[in-house]
Amino acid sequence: MGDLVIGARSGAGDPEGSGGGRVTRSADSSMPSAAVDDATAQTADEHGTGAEGSSEPPRSGSEPADESESEAPAKPHKQRSFLKELPILIGIALILALVIKTFFVQAFSIPSESMQNTLQVGDRVLVDKLTPWFGAEPERGEVVVFHDPGGWLNDEPTQQSGNSFVRGVQDVLSFVGLMPSANEKDLIKRVIAVGGDTVECKGDGPVKVNGVALDEPYIYPGNTPCGTQPFGPLKVPDGRIWVMGDHRADSLDSRFHMDQPGGGAVPVDNVIGRAFVVAWPVSHWSTLPVPDTFDQEGLTGALPMEPPVAGAVGAVALLPLVRRARARADRRKES
């Protein structure tokens, strides 16, 4: 049988005298003319060039043959194995923990009794590291964590496990901030005075800041405000803080380092942040607010102004009132 060539009519008009959807047969073809015509019409309809000019697009070979096939559900996407995703999730969690530890909050463990009864040995406190990034400095009454200024912890041994695997796990967890580091030389105390303050404690106390006596209910029961080391009066250098433990009889704080640079005061740059909550154990959970005794008037150390300075400030404040009085007097004279 000869080759059959079927052509569909294009959108443009056919040349004059040509038939729409012309079919050319070879001489030896035995296909009846009617069958060829039917095949031509069917082909033209499939290509959207039938007699009625239908614009239906041709059906691709990938389209379903009938409606039932078109409604067949798509092949479900194969989900990734949980075991393959687990390392990714762990990596993201560690990165987030490292970012939080570096810029926001870090956990610290209480290693000694120097802050009893406010903090117990083994307590975990959370320290705010964000506000110092914005220039905030420690304030009176806050409990702060700070790096050893030098010589405060020389005799303190590091608390590390004898098991090398456990030490490795501890190092990783401390690196990302999930547990305190056993190698860091950090301390935790309460800020009593800041730069420019005058602080003292004589005999059995009380502690005085800028001449104002502090009522300290947080001191360990049975201790005196001065403990075994009275001091002062002394002025805290600018850029430093005077710190004391709440367990005054068992705290090697600023009182015991007055022979060192700064007179026992800690540089503000050494402060890591403020401890604001006891997070662990759950039975010890509590916040660490600033006691009301540090809100007393006069504690800021503002000195009274000299009479000439006070007079000048008062005159400047009254100047607008004097001008108004003169203006009223001038209007009355004119009227």
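In the block above lies the structure referred to throughout.
Thresholds, definitions, all that
- Residues numbered from 1 in each chain as written.
- Predicted model: local features only at pLDDT ≥ 70, side-chain atom pairs only at ≥ 80, totals over all residues.
- Heavy atoms only, no water.
- Core = buried A, V, L, I, M, F, W, Y, C linked by side-chain atoms within 4.5 Å.
- Buried < 20%, exposed > 50% of the residue type's maximum accessible area, 1.4 Å probe, protein only.
- Helix = DSSP H or I, 4+ residues; strand = E, 2+ residues; numbered from the N terminus.
- Contact = heavy atoms within 4.5 Å.
- Patch = residues over 30% accessible without salt bridge, like charges linked within 9 Å, V, L, I, M, F, W, Y side chains within 5 Å.
- Areas by Shrake-Rupley, 256 points an atom, 1.4 Å probe, with all protein chains shown as cover.
- Salt bridge = Lys/Arg side-chain N within 4 Å of Asp/Glu carboxyl O.
- Lys, Arg positive; Asp, Glu negative; His and termini not counted.
- Charge placed at Lys NZ, Arg CZ, Asp CG, Glu CD.
- Disulfide = S-S within 2.5 Å.

A. View of the nonpolar core. Counting residues in each nonpolar core, the largest one holds 18 residues, and the members touching the most others are I192, V199, V207, V209, L214 and W242. When contributions to this core are tallied by element, the ones reaching two or more residues are β6 (186–194), β7 (198–201), β8 (207–209) and β11 (240–244). Other than its neighbours up to four places away in sequence, V199 contacts I192, A193, V207, K208, V209, F231, G232, P233, L234, V236 and W242. Grouped together as the second largest cluster of nonpolar side chains are 13 residues, F108, V145, I188 and V278 included.

B. Spatial organisation of a positive patch on the surface. Together, R324, R328, R331 and R332 make up a region of like positive charge exposed at the surface. Its location among the elements puts R328 in helix α5 (residues 307–334).

C. Structural context of the state of the cysteines. Evaluation of the coordinates by the stated rule reveals 1 disulfide. Paired by a disulfide, C201 and C226 hold their sulfur atoms 1.7 Å apart. On the sign convention where negative means left-handed, the S-S torsion of about -95° between C201 and C226 marks this disulfide as left-handed. Here C201 is found in strand β7, whereas its partner C226 is found in the loop between β9 (212–213) and β10 (231–235), with 25 residues between them in sequence.

D. Summary view of the pattern of salt bridges. All told, the structure shown has 5 salt bridges when counted by the stated rule. D246 serves as the salt-bridge partner of R190, at 2.8 Å between the closest nitrogen and oxygen. Here R190 is found in strand β6, whereas its partner D246 is found in the loop between β11 and β12 (266–267), with 56 residues between them in sequence. The residues R190 and D246 share a single accessibility class, namely buried. Between E216 and R248 there is a salt bridge, and its shortest N-O distance comes to 2.8 Å. With E216 in the loop between β9 and β10 and R248 in the loop between β11 and β12, this pair connects stretches of sequence that are 32 residues apart. Judged by relative accessible area, which is 10%, E216 ranks as buried. The class for R248 is buried, based on a relative accessible area of 0%.

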